[in-house]
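# Examination of the molecular architecture
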Number of protein chains: 2
Amino acid sequence: MNQQEKTQISQLGEFGLIDRLTEGISLQNASTVKGVGDDAAILDYQDKQVLVTTDMLMEGVHFDLTYMPLKHLGYKSAMVNISDIYAMNGTPRQMTVSVALSKRFTVEDMDEFYAGLKLACQRHGVDIVGGDTTSSLTGLAISITCIGECEKGKAVLRSGAGQNDLICVSGNLGAAYMGLQLLEREKAVFNSTEHESGTAFNPDFAGKEYLLERQLKPEARGDIIRELQEAGIQPTSMMDISDGLSSELIHLCRQSNTGCSVYQERIPIDYQTAVMAEELDMDVYTCALNGGEDYELLFTVPLTDHDKVIQLKDVKLIGHMTRPELGRHLVLKSGLEIELKAQGWTSNL
Amino acid sequence: MNQQEKTQISQLGEFGLIDRLTEGISLQNASTVKGVGDDAAILDYQDKQVLVTTDMLMEGVHFDLTYMPLKHLGYKSAMVNISDIYAMNGTPRQMTVSVALSKRFTVEDMDEFYAGLKLACQRHGVDIVGGDTTSSLTGLAISITCIGECEKGKAVLRSGAGQNDLICVSGNLGAAYMGLQLLEREKAVFNSTEHESGTAFNPDFAGKEYLLERQLKPEARGDIIRELQEAGIQPTSMMDISDGLSSELIHLCRQSNTGCSVYQERIPIDYQTAVMAEELDMDVYTCALNGGEDYELLFTVPLTDHDKVIQLKDVKLIGHMTRPELGRHLVLKSGLEIELKAQGWTSNL
């Protein structure tokens, strides 16, 4: 579709746009009493506890629309919040979505964004129950709040790990970061060639689709939460990995007042991540430890759950908690222990 | 304090800033099980229903820092969300606060913003339980979600008004809009004189303090909700007036499938609002009908509650609902009926 054929948001107005975007939302949860359309949504959680998490995503800081399609952005924006509810051992149920957009965004752009949002919500059983749609002077700002439930007393905090607990991680790490490197590289190539007439832009993504998917379409690990419940495992502490394993391990240790030993060779890394790191001449373990946005789960279980936890599909034991005075260490293949450092994404602020 | 003495946010980092801003938050509500510091907050509403509302405020669109002190902005940002919970006949209990800020904001700026937020929350018994602090390329973006409770079945929607219900409004209307006009006028004077050396900026606000307060420091009407409860009145429909009386009346009528007749001479207007309108050569009723941001409550009660509702302090009866085919009308002092039109703030989008 050409830009000319697109619909300016001013043609619909705020209420028209909201009506269009929320059209066809059918509520899936018994806990949603009243969704979009009033001063507030009404929820009824009966005897469950309520979990609330929120995230803000700013254009140019958290995402780059040069290579992030709006549908993927909607999907990912929903997913990072859904992931936080799972990370509490909860089940996501509702979401409010606020967007502020500048004049360059059209109604069709918002359709795309909402299509991604709705897909993520549908897959994870989440009802969109409210939000705000407004204008911004520059760029796109997104703020999402996700609400979920858990049985009374079953929420898992970051602060509950014991000193000998086993440290586990789901899936694999570093792939989303490698996906970002790949996209940034192709963007640089594109920018340097765009003025040569007749040059077609053919980004070189062959064999690296998995990395792109991990960056553009992350999947919150509700399956792991269900696996844990089915196996009768109640983690002692848990969080999702959004800023990188090192940084998150430090959070768990600080909040639980423990140290930790994590074994380098046990950190799960996908083949494509390793190949890409090699290609970029980067250390793959550094990427896995400090690259963010994998949205895998990091959790601890009591030693007594060892036999159960090693049976879990797509969960890997990477180390154990220790007494706090022993510090937080990465044990290299050589046996050398080095201190874990948070490199995370604080430089964004 | 000079800009030079201020602390750059990069000196504290994201986590340092969050620690500083959330320091000294003491939880006031039994329903707050776990506040700031994990992937999500944990709430326990027992047998109550949960209300959730959210609002996004963008610099340059919703506020102008030229005349809006950051402390007032924090106060107002909290208040507009608290107001939405009251507008459901609920009690606000928790809030999440997300801010995205550009490099020009310092740690002290955020202290000011949070001081206002905390004051508003303290006054209305609200716990700050989470949020997100991140960076933006330009300006300040604020997104707040407020969570509240109400007894099962007691929430008041926009859609419940009956055809002969009485229409009531709290406080007075148009003052916040007049406050904005005043601030805009003084800003224009300031801008036109700032290059004249030796010219002191002395904004002329004498006798108009109330208008400024209504614009800069609105107060959500929890007192009215308590009055209604004490009087044993359950409104049939309710909302808060953020976009102007006309626009909100149209919402109530559409969602309740009614018409309405509202009497011009019954619309409550403060003396200062009238004086300021005269000074600006504006029609004061137009301001009261279409000016936004008063955050008063608009609600309907059954005819049978007439004698109770006229006893309420600071509540005025302004008209009644009608059959939908009769349309939505403003009855002028002359007896002439004119159709209500929404002029609201949709032009912002």
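Residues numbered from 1 in each chain as written. Chains lettered and ligands numbered in written order. Predicted model: local features only at pLDDT ≥ 70, side-chain atom pairs only at ≥ 80, totals over all residues. Heavy atoms only, no water.

Here we come to the pairing of strand β7 (residues 166-170) of chain A. Residues and elements named next belong to chain A. The buried count for β7 comes to 5 of 5 residues, which makes it a mostly enclosed element. Burial of the side chains of β7 extends over both faces: Leu-166, Cys-168 and Ser-170 are buried on one face and Ile-167 and Val-169 on the other. Bridge count between β7 and strand β10 (residues 297-301): 4 bridges; the pairing is antiparallel. If you follow Ile-167 over to β10, its bridge partner there is Thr-300. Here β7 pairs with strand β11 (residues 315-322) via 5 bridges, running antiparallel. Looking at β11, one finds that Ser-170 is bridged to Val-315. (Buried < 20%, exposed > 50% of the residue type's maximum accessible area, 1.4 Å probe, protein only. Helix = DSSP H or I, 4+ residues; strand = E, 2+ residues; numbered from the N terminus. Pairing = 2+ DSSP bridges.)

Time to look at the interface of chain B and chain A. Contacts between chain B and chain A engage 66 residues on the former and 66 residues on the latter. Contact between chain B and chain A buries roughly 5100 Å² in total, counting both sides, with carbon and sulfur atoms accounting for 58%. In this structure, the connection of chain B to chain A is made through 6 salt bridges. Between Asp-39 of chain A and Arg-158 of chain B there is a salt bridge, and its shortest N-O distance comes to 3.0 Å. Inspection of the chain B/chain A interface yields 23 residue pairs in polar contact (both at pLDDT 80 or more). (Contact = heavy atoms within 4.5 Å. Buried area = accessible area lost by both parts, 1.4 Å probe. Salt bridge = Lys/Arg side-chain N within 4 Å of Asp/Glu carboxyl O. Polar contact = N/O pair within 3.5 Å; in protein donor to acceptor, adjacent residues only side chain to side chain.)

This part is about the packing of helix α2 (residues 70-86) of chain A against helix α3 (residues 107-123) of chain A. All names here are of chain A. At a closest axis distance of 6 Å, the pairing of α2 and α3 adopts a crossing angle of 35 degrees. Crossing angle aside, the handedness with which α2 passes α3 is right-handed. Across from Leu-70, Lys-71, Leu-73, Gly-74, Tyr-75, Ser-77, Ala-78, Met-79 and Ile-82 in α2, the residues of α3 making contact are Asp-109, Glu-112, Phe-113, Ala-115, Gly-116, Leu-117, Leu-119, Ala-120 and Arg-123. Considered class by class, the residues forming the contact of α2 with α3 number 11 nonpolar, 3 polar and 4 charged. (Axes fitted to C-alpha atoms, helices over the stretch in contact; angles between N-to-C directions. Left-handed = near helix turned anticlockwise from the far one by under 90°. Nonpolar A, V, L, I, M, F, W, Y, C, P; charged D, E, K, R; others polar.)

Attention now moves to the relation of the copies chain B and chain A. Least-squares fitting of chain B to chain A yields an RMSD of 0.0 Å, with the transformation described by 0.0 Å of translation along the axis and a rotation of 180 degrees. Expressed as an axis order, the relation between the two copies is that of a two-fold axis. Most of the interface of chain B is mirrored in chain A, where 100% of its interface residues are also at the interface. (Least-squares fit on C-alpha atoms with pLDDT ≥ 70 in both.)

Further remarks concern the pattern of salt bridges. Counted under the stated rule, the structure contains 44 salt bridges over all chains. A salt bridge links Lys-187 of chain A to Asp-64 of chain A, with the shortest nitrogen-to-oxygen separation between them at 2.5 Å. Of the two residues, Lys-187 of chain A sits in helix α4 (residues 175-193) while Asp-64 of chain A sits in the loop between β3 (49-58) and α2, which places them 123 residues apart along the sequence. Taking relative accessible area as the criterion, Lys-187 of chain A reaches 22% and is therefore assigned partly exposed. With relative accessibility at 17%, the residue Asp-64 of chain A sits in the buried group. Linking Glu-296 of chain B and Arg-214 of chain B is a salt bridge whose minimum nitrogen-to-oxygen distance equals 2.8 Å. Note that Glu-296 of chain B is positioned in strand β10 (residues 296-301) and Arg-214 of chain B in helix α5 (residues 209-216), a separation of 82 residues in sequence. The exposure class assigned to Glu-296 of chain B is buried, which follows from its relative accessible area of 0%.

Quick look at the confidence of the model for chain A now. All names here are of chain A. Per-residue pLDDT for chain A has a mean of 92; in total, 94% of the residues score no lower than 70. Residue range residues 344-349 is modelled with pLDDT below 50. Its contacts to residues more than four positions away, or to other chains, number 17 contacts. As a predicted assembly, this complex carries a pTM of 0.94 together with an ipTM value of 0.92. (pLDDT = per-residue confidence, 0-100.)

Right, let's get into the sheet that holds β7 of chain A. Residue and element names in this part refer to chain A. Taken together, 7 strands build an open sheet; the order of strands is β8-β10-β7-β11-β9-β12-β13 and the sheet is mixed. The sheet is open, and its two edges are formed by β8 (237-240) and β13 (337-339), each paired on a single side. Pairs of neighbouring strands in the sheet enclose a mean axial angle of 25 degrees, with direction left out of account. Against the sheet, helix α6 (residues 222-230) touches β7, β8, β10 and β11, its axis set at about 15 degrees to β10.

Inspection of the secondary structure assignment puts Thr-53 of chain A in strand β3. A distance of 3.4 Å separates a polar atom in the side chain of Thr-53 of chain A from a polar atom in the side chain of Asp-84 of chain A. Within the structure, the side chain of Thr-53 of chain A is placed 2.8 Å from the backbone oxygen of Asp-39 of chain B, a separation counted as a polar contact. Setting aside residues no more than four positions away along its own chain, Thr-53 of chain A makes contact with Asn-81, Asp-84, Ile-85, Ile-144, Thr-145 and Cys-146 of chain A together with Asp-39 and Ala-40 of chain B.

Take the sheet that holds strand β2 (residues 41-43) of chain B next. If you trace the 6 strands from one edge of the open sheet to the other, you get β5(A)-β4(A)-β6(A)-β3(A)-β2(B)-β1(B), paired in mixed fashion. Since the sheet does not close on itself, it has two edges, and those belong to β5 (127-135) of chain A together with β1 (32-34) of chain B, each with one partner. Each strand of the sheet is rotated relative to its neighbour by a mean of 20 degrees, with strand direction disregarded. Two elements, strand β4 (residues 91-101) of chain A and β5 of chain A, share 8 bridges in a ladder whose sense is parallel. By the bridge assignment, Val-99 of chain A is partnered in β5 of chain A with Thr-133 of chain A. Where α2 of chain A meets the sheet, it contacts β3, β4 and β6 (140-150) of chain A, and its direction lies at approximately 35 degrees from that of β6 of chain A. Of the strands in this sheet, β4, β5 and β6 of chain A are in contact with α3 of chain A, which crosses β4 of chain A at around 170 degrees.

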